[in-house]
Amino acid sequence: MKRDKNLPLTETTFYILLALLERAHGYLIMQKVEELSDGHVRLAAGTLYGAIENLIKLKFIMPVPSDDKRRKVYLITDKGREILRFDLERIKHMAKVTEKALK
Amino acid sequence: MHIFKIFIDYTKEEKWLNEMSKKGYEVINNSFGYTFKNINPEDITYRIDYRTFKTKQDFIDYCTVFEDSGWKHILGSKSSGNQYFKKVSENSDDDIFSDNISKAARYKRASNIWLTFASSYFVILISLALTGAINLNAFINPKELYFTPGLWEATGLTFWKKFLFETPFALGRGFIWIIFPISIAIYLYCILKASKLYKKTIKDK
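Residues numbered from 1 in each chain as written. Chains lettered and ligands numbered in written order. Predicted model: local features only at pLDDT ≥ 70, side-chain atom pairs only at ≥ 80, totals over all residues.

Draft legend 1. Seen up close, the overall build of chain B. A count of helical and extended segments in chain B gives six helices and six strands. Ordering the α and β elements of chain B from the N terminus gives β-α-β-β-β-α-β-β-α-α-α-α. By the compact-globule yardstick of 17 Å for 205 residues, chain B is too spread out, its C-alpha radius of gyration being 24 Å. Expressed as lengths along the three principal axes of its C-alpha atoms, the size of chain B is roughly 80 × 40 × 35 Å. Counting all 205 residues of chain B, 20% fall into the buried class. (Helix = DSSP H or I, 4+ residues; strand = E, 2+ residues; numbered from the N terminus. Rg over C-alpha atoms; globule rule 2.2 N^0.38 Å. Buried ≥ 20, exposed ≤ 12 C-beta atoms within 10 Å, placed from the backbone.)

Draft legend 2. Highlighting the interface of chain A and chain B. Taken together, the contact between chain A and chain B spans 15 residues of the former and 18 residues of the latter. Of all elements in the fold, only α2 (26-36) and α3 (45-57) of chain A reach the threshold of two or more residues within the side of chain A that touches chain B. A per-element tally of the side of chain A that touches chain B places α3(A) first, with six residues. (Contact = placed C-beta atoms within 7 Å.)

Draft legend 3. Region of the structure containing the nonpolar core. If you look at the biggest cluster of nonpolar residues, it comprises 40 residues, and the most contacted ones within it are A:I16, A:L20, A:I29, A:A45 and A:L48. At the level of secondary structure, the elements contributing two or more residues to this core comprise α1 (11-19), α2, α3 and β3 (73-76) of chain A together with α1 (10-22), β4 (46-51), α2 (56-68) and β6 (81-87) of chain B. With residues up to four places along the chain from it excluded, the contact list for A:A45 reads B:V65, B:F66, B:S69, B:W71 and B:I96. (Core = buried A, V, L, I, M, F, W, Y, C linked by C-beta atoms within 7 Å.)

Draft legend 4. Representation of helix α5 (residues 156-175) of chain B. Compared with the 28 Å implied by 1.5 Å per residue over 20 residues, the 27 Å span of α5(B) between its first and last C-alpha is a close match. B:T167 marks the point of greatest bend in α5(B), at about 40 degrees, and the proline B:P168 comes within the next four residues. (Expected span 1.5 Å × (residues − 1). Bend = angle between axes of the 7 residues up to and from the residue.)

Draft legend 5. Representation of the packing of α3(A) against α2(B) in the model. Put simply, α3(A) and α2(B) touch, their axes get as near as 9 Å, and they point 140 degrees apart. In terms of orientation, α3(A) lies oblique with respect to α2(B). Crossing angle aside, the handedness with which α3(A) passes α2(B) is right-handed. Across the interface between the two elements, A:A45, A:L48 and A:Y49 of α3(A) pack against B:Y62, B:V65 and B:F66 of α2(B). Split into classes, the residues belonging to the contact of α3(A) with α2(B) amount to six nonpolar, no polar and no charged. (Axes fitted to C-alpha atoms, helices over the stretch in contact; angles between N-to-C directions. Parallel < 35°, antiparallel > 145°, perpendicular 65-115°, else oblique. Left-handed = near helix turned anticlockwise from the far one by under 90°. Nonpolar A, V, L, I, M, F, W, Y, C, P; charged D, E, K, R; others polar.)

Draft legend 6. The arrangement of α1(A) in detail. Listed as buried for α1(A) are A:T13, A:F14, A:Y15, A:I16, A:L17 and A:A19. Buried positions along α1(A) lie against β1 (24-25), α2, α3, β3 and α4 (78-102) of chain A.

Draft legend 7. Focus on the sheet that holds strand β3 (residues 34-38) of chain B. Residue and element names in this part refer to chain B. The strand order β1-β3-β2 describes an open sheet built from three strands, whose pairing is antiparallel. The open sheet terminates on both sides in strands that have one partner only, identified here as β1 (2-3) and β2 (25-29). Note: β1 against β3, two bridges, orientation antiparallel. Bridging from a neighbouring strand, H2 pairs with T35 of β3. Sheet strands in contact with α1 are β2 and β3, and its direction is about 125 degrees off that of β2. (Pairing = 2+ DSSP bridges.)

Draft legend 8. View of the sheet that holds β3(A). All names here are of chain A. Pairing within the open sheet is antiparallel, and its three strands lie in the order β1-β3-β2. Of all the strands in the sheet, just β1 and β2 (61-64) have a single pairing partner and so form its edges. Bridge count between β1 and β3: two bridges; the pairing is antiparallel. The partner of A24 across the bridge, within β3, is Y74.

See below:
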């Protein structure tokens with residue numbers, strides 16, 4: 001099977017998609033990513049903004065309506081979920097063969 | 001205080017603004033050069049991004065992401081390109097970018113806009129050339145740019161009065177198009193410089 005050209009996801013992209021399984025605005029994404037990654041991935045505002053723009057272009061996330069007039073809110077799309085699952089399978093496989101090899 | 005200065009290197013510009021703040025000058029405008037107001041000397045961290053926006057809503061959302069994370073948007077508008085931020089929270093990180101690729105990408109966005117300008121000027125220049133509006137003979141024989149009847153036969157004060165009166169019009173008629181190749185050259189220079197800075201930023205430690 002030919003692999004999606006967006007795989008493997010970068011660590012940043014992976015965590016942003018993971019954070020957006022629930023709707024969130026920019027700053028909330030930054031906080032969630034930091035929490036999910038045990039503080040290893042700290043996104044700065046400019047970097048996050050560019051990443052969001054790129055993920056919208058790829059149709060992995062989409063803006064959703066919200067009451068907040070100043071902050072756009074985003075949510076993962078079906079295509080985004082799919083790519084996240086593909087990458088999970090890739091990571092699982094890597095973990096499996098590595099654990100076996102290092103035993 | 002007003003200082004006229006042009007930067008292409010964002011890192012240098014950020015450093016310069018920081019040094020000015022340490023000397024007691026805070027930037028309040030940069031529409032034509034930089035305007036500063038006097039403040040008590042302070043070590044202010046500035047960061048610059050390059051972005052233009054389709055809607056006012058997009059622009060507000062962008063500024064809010066920064067403000068939520070401790071960076072106050074101080075200069076820039078929806079379509080100005082350069083966006084200036086000042087660090088206002090002790091807890092926030094020292095940069096608005098957390099990796100080199102996104103830090104370098106601002107040069108690419110700026111370059112793309114400059115390239116659009118340069119190409120439109122190029123199209124205008126070509127159209128002027130094709131419609132015969134550019135008269136290269138004027139370099140050899142500038143006299144033909146003067147239309148005042150009997151100008152070259154006049155003498156003394158009458159000649160100088162007529163001559164000086166028409167000179168601005170003659171220059172406009174003959175050489176105004178030079179603005180276009182000059183602008184194109186300036187944009188191309190900026191694009192070249194930005195591309196070097198892009199590569200340098202990617203490689204930075």
